[in-house]
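Observations on the model geometry
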Amino acid sequence: MQITTKAIVLSGLKYGDTSLIVKAFTEQSGLKTYLLKGILASKKGKMKSAYFQPLMQLEVVAYHKNKGTMESIREVRVNYHYESLHTNITKNAMTLFLAEMLANSIFEEEENQELFQFIEASLQWLDTHHEISNFHLHFLLRLTKYFGFFPQLDTTDAPYFDLVAGEFGQSPTLHPMLYGENLIFFKTFLGIKFDELHSVKMKKVNRQELLKSLILYYELHLQGFRKPKSLAVLNEVFS
């Protein structure tokens, strides 16, 4: 079946000497894996390997067999041209990290337009703003809504947050917990929008500790999730 759909690139892996295996989250068909034969050898072809950098926003004409095998792409064009996402050092480090987080979190091969549109709009916001040091924290927290483990908000005045139960509590448990200063930041991100991120002033240690807790939160709630290898690079950029 031929389909035209928006797609966000999650990862690209060299296959042989000239080909590329690309994982992309598509608006109409969910997660898809494409085999792009000979793309690394062709300099005059319409499909360029540069189109398949992490988190590129594309429109593709693809053949989907929907049999769990690799699909093929007939045509591709850039749907949104980034201004700074791949050229700004800080944003590029964040892009690699978020691409890996998404690749390790999205498994569904079915349409989820709300999730797609959230990712699409969030990346465009990141591309066009400058104060982005807290972006990944807010993005990952809001992303949990679409994966089904957004924190329960009925008792947000409580002094603890249980990462296993996904809820606030009045007393600590044996589970991994958020509390103290990091919990204050956690609650702050729950109650603001992207345009308010610049108002949250965090120390490096708090940012790294909260990110570590958020990654653990994903580990605890998403079967098959793997820690991103690019985390060390991201922490180095924000050190």
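It should be noted that the structure appears before, not after, this text.
Throughout what follows, the structure given in this document is the object of discussion. These numbers were taken from a predicted model, which means no experiment stands behind them. Here, residues in each chain are numbered from 1, in the same order as that chain's written sequence. Totals for whole chains, interfaces and linings use every residue, but because this is a predicted model, local features are given only for residues with pLDDT of at least 70 and side-chain atom pairs only at 80 or more, for both listing and counting. Water and hydrogen atoms were dropped before computing side-chain values, which therefore reflect all heavy atoms in the structure.

Okay, the overall build of the protein next. A tally of regular secondary structure across the protein gives six helices and eight strands. Helical segments are the DSSP runs of H or I of at least four residues, strand segments are the runs of E of at least two, and each set is numbered from the N terminus. Starting at the N terminus and ending at the C terminus, the protein contains elements arranged as β-β-β-β-β-α-α-α-β-β-β-α-α-α. The quantity called the radius of gyration is restricted to C-alpha atoms. Its globule counterpart is 2.2 Å times the number of residues to the power 0.38. On C-alpha atoms alone, the protein measures out to a radius of gyration of 19 Å, which is about the 18 Å that the 2.2 N^0.38 rule sets for 239 residues. Seen through its principal axes, the protein has C-alpha atoms that stretch 60 × 35 × 30 Å. For the exposure calls, accessible area comes from a 1.4 Å probe over protein chains only, and a residue counts as buried if that area is under 20% of its type's maximum, exposed if over 50%, partly exposed in between. For the protein, the proportion of its 239 residues judged to be buried stands at 47%.

Right, let's get into the sheet that holds strand β8 (residues 177-179). Only strands that DSSP links by at least two bridges are regarded as paired with each other. Here we have three strands laid out as an open sheet, ordered β7-β6-β8, and antiparallel in their pairing. The two strands at the open ends of the sheet, each matched to only one other strand, are β7 (167-169) and β8. Each neighbouring strand pair of the sheet contributes to a mean axis angle of 30°, computed without reference to strand direction. Bridge analysis of strand β6 (residues 160-162) against β8 gives three bridges, and the strand direction is antiparallel. From the neighbouring strand, F161 faces β8, where its bridge partner is L178. The strands that helix α4 (residues 180-190) touches are β6, β7 and β8; relative to β8, the one it contacts most, it runs at about 90°. In this analysis an axis means a line fitted to C-alpha atoms, helices contributing only their contacting stretch, and an angle means the value between N-to-C directions, from 0 to 180 degrees. Only heavy atoms matter for contacts: two residues are in contact if any of them lie within 4.5 Å across the pair.

Working definition: a ring pair exists when centres of Phe, Tyr or Trp rings (six-membered ring for Trp) sit within 6.5 Å. Plane angles under 30 degrees give stacked, over 60 give edge-to-face, the rest tilted. Taken as a whole, this structure holds 18 aromatic pairs when the rule is applied. Residues W125 and F135 carry aromatic rings whose centres are separated by 5.9 Å and whose planes lie at 10° to one another, so their mutual orientation is stacked. With a gap of 10 residues between them, W125 in helix α2 (residues 113-128) and F135 in helix α3 (residues 135-147) connect regions that are remote in the sequence. In this pair, the class of W125 matches that of F135, namely buried. Ring geometry for W125 against F194: centres 5.5 Å apart, planes inclined by 35°, an arrangement best described as tilted.

Geometry only, nothing functional implied.
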